[in-house]
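# Tertiary structure, described
Here is how the chains run, residue by residue.
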Amino acid sequence: MKILLVLFLMCSLLLCGAAKDTKSSDAKKAKGKAKTAKTVTAKKKAAAPKAAAAGKKGSAKAAPKAAPKAPAAPAAAPAAPKAPAAGAAAKSEPVRNVAVDFRGGKILCAEISSLFPSGVKGFDEKNFAFLPARRMYAAVTMLCDPDRFLSIHDYCLDVYGHQPCVAIKEGSGAFISSPEKVFRVNPKTRYTLLFILDAAVAGSQDEYCNIKALCDDGAFSKTLVLFKNIGNKPFTAPGRIPLSGLIPEKK
C-alpha cells in the first residue's frame, strides 16, 4: 500500500510538472507570437510612408507628359469692305467747279440773287421794253476773246422768256447801264453782265439758264449754264473768282 501511494504521488508530481512546463512553453510561444506580430506591424507602419512616397514618385514618373500646345489658329482674313448703300452714290464725290466756253469767251461764274447790286450807274427802266414787277437778278462773269466789243445788246438770258442784260461791270468797277455804252474788251479783264429775272417764276433753287449770244444778222447761239442761287447775298466779287471757274460741272 505504501508503495502504491508513493507511486501515485510521484505520478501526480510528474503530471503537475509536465502541465507547468506545457503552460510555460505555451506562454512563451504566445509571447513570441505577440512580439512577432508587433514587429511585423511596426515594420508595416514604417514601410507604409515609404511605399506611399514611392507610389507618388512612381505615379509622377508614370504620368505622361502634357500634350504640346496646338498651333494658334491663323488670323481671320480681314473683312471685305461694305458695299456702299444705294443712296450713297450721289454723295460719293463732290461736284467740281469749272469754267464754261461759249461764243465770245469763257464764263467763270453764274449766280442768281434777290439783292440788286448797289451803285449801278445810269439805270433807267424806260430803256427796257419789259421789266417784271417782282424781280430777281442774275450775274454772269466772263473773260472775253481778244479784239471784241461788248454792250448790253450782245447777250440775254433765255429762261422763262427773254431776260435782258441791263448793265455791265468792267473788272471791280461799278455796273454801268447804258444802251450806248460799248466796251473794247481786254482779254485779261473780267466782265460781269447783270440781268433781271421774273421772281414769280425764277424760284429759289439753282437754275439752268441758256445764255444767248445775239449777232448783228439776227443769228444767235445758246450755252446752257447752271446758275447758283445765293439768296439775298451780293454777287461774288470778280477778283475772288478763279480762272478755273466757279460753275458746277454738269454730270
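Up top is the structure these notes are about.
Cut-off values and rules
Residues numbered from 1 in each chain as written. Predicted model: local features only at pLDDT ≥ 70, side-chain atom pairs only at ≥ 80, totals over all residues. Heavy atoms only, no water. Helix = DSSP H or I, 4+ residues; strand = E, 2+ residues; numbered from the N terminus. Buried < 20%, exposed > 50% of the residue type's maximum accessible area, 1.4 Å probe, protein only. Lys, Arg positive; Asp, Glu negative; His and termini not counted. Salt bridge = Lys/Arg side-chain N within 4 Å of Asp/Glu carboxyl O. Contact = heavy atoms within 4.5 Å. 1 Å grid on protein atoms, 1.4 Å probe; cavity = no way out; pocket = protein on both sides within 12 Å on 5 of 7 lines; lining within 4 Å. Points joined across faces, edges and corners; volume = space filled by probe spheres on them. Nonpolar A, V, L, I, M, F, W, Y, C, P; charged D, E, K, R; others polar. Polar contact = N/O pair within 3.5 Å; in protein donor to acceptor, adjacent residues only side chain to side chain. Pairing = 2+ DSSP bridges. Core = buried A, V, L, I, M, F, W, Y, C linked by side-chain atoms within 4.5 Å.

The topology assignment puts Lys169 in strand β7 (residues 162–170). One buried charged residue, Lys169, remains without a salt bridge, the closest side chain of opposite sign being Glu111 at 9.2 Å. Leaving out residues up to four positions away in the same chain, Lys169 has contacts with Ala174, Phe175, Arg190, Tyr191, Thr192 and Pro238.

The full count for this structure, using the stated rule, is 3 salt bridges. Notably, a salt bridge pairs Glu125 with Arg135, separated by 2.9 Å at the nearest N-O pair. On the criterion of sequence distance, the pair formed by Glu125 in the loop between β3 (105–113) and β4 (135–144) and Arg135 in strand β4 is long-range, its members being 10 residues apart. On the accessibility criterion, Arg135 (23% relative accessible area) is partly exposed.

Attention now moves to empty space enclosed by the protein. If a probe as big as a water molecule is rolled over the atoms, it shows which places are left empty. Using the criterion set out here, one finds 1 cavity of 30 Å³ or more in the structure. Taken as a whole, the largest cavity encloses approximately 40 Å³ of empty space. Lining the largest cavity, in full, are Ile112, Val159, Tyr160, Leu197, Asp198, Val201, Ala202, Glu207 and Cys209. Of all the elements in the fold, those that place two or more residues in the lining of the largest cavity are β10 (190–198), α2 (199–202) and β11 (207–214). Class assignment for the residues of the lining of the largest cavity results in 7 nonpolar, no polar and 2 charged.

With respect to the helices and strands, the residue Ser114 is situated in the loop between β3 and β4. The class of Ser114 is partly exposed, set by a relative accessible area of 39%. Separated by 117 residues in the primary sequence, Ser114 and Gly231 place their C-alpha atoms 6.0 Å from one another. Aside from chain neighbours lying at most four places away, what touches Ser114 is Met136, Tyr137, Gly231 and Asn232.

Turning our attention to the environment of Glu170. Checked against the element boundaries, Glu170 lands in strand β7. Judged by relative accessible area, which is 36%, Glu170 ranks as partly exposed. A C-alpha to C-alpha distance of 9.2 Å links Glu170 and Pro238, two positions 68 residues apart in sequence. Not counting residues up to four positions away in its chain, the partners in contact with Glu170 are Phe183, Thr189, Arg190 and Tyr191. Looking at Glu170, its side chain comes within polar contact range of the side chain of Tyr191, at 3.0 Å.

Successive side chains on a regular strand alternate, one facing one side of the sheet and the next facing the other. Sheet analysis places strand β6 (residues 155–158) next to β11, joined by 4 bridges and oriented antiparallel. Its bridge partner being in β11, Asp158 is matched across the sheet by Asn210. In terms of strand pairing, β11 meets strand β12 (residues 220–229) through 8 bridges, oriented antiparallel. Considered in β12, the bridge of Tyr208 is made with Leu226.

Attention now moves to the environment of Gln163. Mapped onto the elements, Gln163 comes out in strand β7. Residues Gln163 and Ala138, 25 residues apart in the sequence, show an inter-C-alpha distance of 9.7 Å. A distance of 3.0 Å separates the side chain of Gln163 from the backbone oxygen of Val159, its partner in a polar contact.

Counting buried residues in β4 gives 9 out of 10 residues, a clear majority hidden from the surface. Bridge count for β3 against β4 is 8 bridges, and the pairing is antiparallel. Across the sheet, Gly105 pairs through a bridge with Cys144, a residue of β4. As paired strands, β4 and β10 are joined by 9 bridges and run antiparallel to one another. Across the sheet, Ala138 pairs through a bridge with Phe195, a residue of β10.

Right, let's get into the nonpolar core. Membership of the largest hydrophobic core comes to 43 residues, with the highest contact counts inside it found for Leu150, Tyr155 and Phe227. Residue contributions to this core peak at 7 residues, all from β4. In this view, Tyr155 contacts Phe102, Arg103, Gly104, Met142, Arg148, Leu150, Cys165, Leu193, Phe195, Ile211, Lys212 and Ala213; residues no more than four positions away in its chain are not counted.

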